[in-house]
Amino acid sequence: MMMYRDDFKILDQKVYGRPLVYLDNAATTQKPQVVIDALRSYYEQLNSNIHRGVHYLSQKATDEFEMARETVRRFINAKNSYEIIFTRGATDSINLVAASLGRTCLQAGDEIIVSEMEHHANIVPWQFLCEERGCILKVIPINEEGILQIDKLPELISSRTRLLAITHVSNTLGTINPIKKIIEIAHNQNVPVLIDGAQAVAHCKVDVQDLDCDFYCFSAHKMYAPMGIGVMYGKEEWLNKMRPYQGGGEMIKQVTFAKTTYNELPFKFEAGTPSVGDAMGLKVAIDYLENIGMEKIATYESELLNYAVERLTTIPGIRIYGNAPQKSAIVSFNIGKIHPSDIGTIIDKLGIAVRTGHHCTQPIMDHFGIPGTVRASFALYNTKKEIDDLYEAVDRARMMLE
Ligand code: PLP
């Protein structure tokens, strides 16, 4: 994948006098030049508010925005483009479903199931519903390998279960959950399923019709696209049932002080001015990924993961958290009793960018009884040489801190 590295100029720099090794891709990926160019050309040539304008620029920007929606539809193979709702990101998407579904369908005593490996973005919005509506949160546990204990799912589902909200890929453990099977188990009990796809869409092919999920949420910035935009895919039948999340311009059909009626999909869920330029950036990022090929990216990242595990496991005292057979290119680890942030701080000075801490997954930290981990996460532009650099820096930090 070396040929694509030149598309990311930001990687070609030194920090503290050393070449930057960017391994914080689960937090956000870098943007290829085509995406940066798309943003620039939007603001240089097309900036205009959409949908409401009769003038040329507004109509052109509207067409481009809707083309971006169609590109997202194709990318995740949704049936209809109006099932693609633009949001600010995965967090916003999950909050949208929680608020909207909560208002529409949930009552005291109703149950929502999540898993122990969820990002806080897929825990806290459901806790709001528990507080506000008297709903009950149930949790699918993980085992010591960081694998979901799916055999516990059937006994967690009851006649009061109203939703299963689960991550496709764990941002801390890298575990790829067998979501198709999980969705089938839930659907057999008439339970709809929301998938948090924040860590999946840039790394494997996602087909929401094949998965048959009811909702699929993700952020653009983790898939080589701009920050500030994301997607909530929802099946038409659910979106029609749900009340809007936010009120304002664009989401209405008619407003009087006596009564307001709502716009059709997808606009019913897109109150206010959307991030038009970012949508164009997202479209270009998807074209970029598809041009390389999702399978090629998945195969390459899997090679990087295997190499990283092979090298890092030779470091004395290292423990890797998350050893599922199906794993995304994320390696979380600790060395003996050394605090993860001490390792992160030392290797930063050697040019290596990783993340340390709880990664917004405190229940995983509680499970393993640790304050945090060091997390290296890989993307299509990373190289084996960078993994060698990571290995050497981490081992050096170990020797300094032990
Ligand atoms: N879900 C998962 C699994 C994540 O890794 C993240 C971000 O780290 C999120 C949700 C939230 O994404 P955002 O902050 O882009 O809304």
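Residues numbered from 1 in each chain as written. Predicted model: local features only at pLDDT ≥ 70, side-chain atom pairs only at ≥ 80, totals over all residues. Heavy atoms only, no water.

Draft legend 1. Fine view of the sheet that holds strand 7 (residues 161-167). Spatial strand order, 4-10-9-8-7-5-6: 7 strands in an open sheet with mixed pairing. A strand with exactly one partner marks an edge of an open sheet, and here the two such strands are strand 4 (84-87) and strand 6 (136-140). Across this sheet, the average inter-strand angle for adjacent strands is 20 degrees, counted without regard to direction. Sheet topology places strand 9 (residues 215-219) next to strand 10 (residues 230-234); 5 bridges connect them, and they run antiparallel. Of the residues in strand 10, the one forming a bridge with Phe-218 is Val-231. The strands touched by helix 4 (residues 90-105) are strand 4, strand 7, strand 8 (193-196), strand 9 and strand 10; relative to strand 9, the strand with the most contacts, the crossing angle is about 145 degrees. (Pairing = 2+ DSSP bridges. Helix = DSSP H or I, 4+ residues; strand = E, 2+ residues; numbered from the N terminus. Axes fitted to C-alpha atoms, helices over the stretch in contact; angles between N-to-C directions. Contact = heavy atoms within 4.5 Å.)

Draft legend 2. Expanded view of unusual backbone geometry. A cis amide bond, omega 0 degrees, links Leu-265 with the succeeding residue Pro-266. Looking at the secondary structure, you find Pro-266 in the loop between strand 12 (260-262) and helix 10 (276-292). Not every positive phi belongs to a glycine, and Asn-77 is a case in point at roughly 55 degrees. Of note, Glu-250 is a non-glycine position whose phi angle comes to about 80 degrees, a positive value.

Draft legend 3. Inspection of the nonpolar core at higher detail. Formed by 106 residues in total, the largest nonpolar core has its most connected members in Ile-76, Tyr-216, Phe-378 and Leu-390. Element by element, the count of residues in this core is highest for helix 10, at 9 residues. When sequence neighbours within four positions are dropped, the list of residues in contact with Phe-378 reads Leu-23, Asn-25, His-203, Glu-301, Leu-304, Ala-308, Ala-329, Val-331, Ile-387 and Leu-390. Counting residues in hydrophobic clusters, the runner-up holds 25 residues, among them Leu-101, Trp-126, Met-232 and Met-242. (Core = buried A, V, L, I, M, F, W, Y, C linked by side-chain atoms within 4.5 Å. Buried < 20%, exposed > 50% of the residue type's maximum accessible area, 1.4 Å probe, protein only.)

Draft legend 4. Looking closely at the pattern of salt bridges. Following the criterion strictly, the structure yields 22 salt bridges and no others. Between Glu-44 and Arg-40 there is a salt bridge; the shortest N-O distance is 2.8 Å. Residue Glu-44 and its partner Arg-40 are both found in helix 2 (residues 33-46); the two are separated by 4 residues, about one turn of the helix. As far as burial versus exposure is concerned, Glu-44 and Arg-40 are alike and both exposed. With its nearest N and O atoms 2.9 Å apart, the salt bridge here joins Asp-287 to Lys-283. Here Lys-283 and Asp-287 lie together in helix 10, a separation of 4 residues that amounts to about one turn. Each of the salt bridges in this network shares a partner with another, and the network as a whole consists of Arg-74, Lys-283, Asp-287 and Glu-290. (Salt bridge = Lys/Arg side-chain N within 4 Å of Asp/Glu carboxyl O.)

Draft legend 5. Highlighting the pairing of strand 11 (residues 252-255). Examined bridge by bridge, strand 11 and strand 12 share 3 bridges and lie antiparallel to one another. Across the sheet, the residue bridging to Gln-254 is Thr-261, located in strand 12. In this structure, the hairpin formed by strand 11 and strand 12 is closed by a connection of 4 residues.

Draft legend 6. The arrangement of the sheet that holds strand 14 (residues 330-335) in detail. What the 4 strands build is an open sheet, ordered 13-14-17-16; its pairing is antiparallel. Where the open sheet ends on each side, the last strands, each with one partner, are strand 13 (318-321) and strand 16 (355-357). Across the sheet, the mean angle from the axis of one strand to that of its neighbour is 30 degrees, orientation sign disregarded. Bridge count between strand 16 and strand 17 (residues 373-377): 3 bridges; the pairing is antiparallel. Directly across from Gly-357, in strand 17, lies its bridge partner Thr-373.

Draft legend 7. The arrangement of the packing of aromatic side chains in detail. Tallied over the entire structure, the rule returns 10 aromatic pairs. A centroid spacing of 6.3 Å and a plane angle of 75 degrees characterise the contact between Tyr-4 and Tyr-288, whose relative ring orientation is edge-to-face. Remark: Tyr-288 occurs in helix 10 and Tyr-4 occurs in helix 1 (residues 2-5); sequence separation between them is 284 residues. Residue Tyr-4 shares its accessibility class with Tyr-288, and that shared class is buried. Taking the centre distance of 6.0 Å and the plane angle of 80 degrees together, the rings of Phe-8 and Tyr-288 count as edge-to-face. Of this pair, Phe-8 sits in the loop between helix 1 and strand 1 (14-15) while Tyr-288 sits in helix 10, and the two are 280 residues apart along the sequence. The pair Phe-8 / Tyr-288 is uniform in exposure class, with both members buried. Three or more aromatic residues joined by ring pairs form one cluster here, namely Tyr-4, Phe-8, Tyr-224, Tyr-288 and Tyr-381. Here Lys-241 stacks its cationic end above the ring of Trp-238, 4.2 Å away from the centre of that ring. (Phe/Tyr/Trp six-rings, centres within 6.5 Å; stacked < 30°, edge-to-face > 60°. Lys NZ or Arg CZ within 6 Å of the ring centre and 35° of its normal.)

Draft legend 8. Molecular detail of the state of the cysteines. Throughout the structure, instances matching the rule amount to 0 disulfides. For the unlinked cysteine Cys-105, the closest cysteine sulfur is that of Cys-135, found at 11 Å. (Disulfide = S-S within 2.5 Å.)

Draft legend 9. Layout of the packing of helix 2 against helix 10. For the pair helix 2 and helix 10, the least separation of the axes is 8 Å and the interaxial angle reads 145 degrees. Pair helix 2 / helix 10 crosses with right-handed handedness. For the pair helix 2 and helix 10, contact is made by Val-34, Val-35, Ala-38, Leu-39, Tyr-42 and Leu-46 and by Val-276, Gly-277, Asp-278, Met-280, Gly-281, Val-284, Ala-285 and Tyr-288, respectively. Split into classes, the residues belonging to the contact of helix 2 with helix 10 amount to 11 nonpolar, 2 polar and 1 charged. (Left-handed = near helix turned anticlockwise from the far one by under 90°. Nonpolar A, V, L, I, M, F, W, Y, C, P; charged D, E, K, R; others polar.)

Draft legend 10. Broad picture of the site of the ligand. The full set of residues close to the ligand is Ala-90, Thr-91, His-119, Ala-121, Thr-167, Asn-171, Asp-196, Ala-198, Gln-199, Ser-219, His-221 and Lys-222. At 3.3 Å from an oxygen atom of the ligand is found a side-chain nitrogen or oxygen belonging to His-119. Measuring from an oxygen atom of the ligand, one finds a side-chain N or O atom of Gln-199 at 2.7 Å. Against a free-state accessible area of 390 Å², the protein chains account for coverage of 85% of the ligand. Tallied by class, the residues present in the shell around the ligand amount to 3 nonpolar, 7 polar and 2 charged. (Near = heavy atom within 4 Å. Polar contact = N/O pair within 3.5 Å; in protein donor to acceptor, adjacent residues only side chain to side chain. Areas by Shrake-Rupley, 256 points an atom, 1.4 Å probe, with all protein chains shown as cover.)

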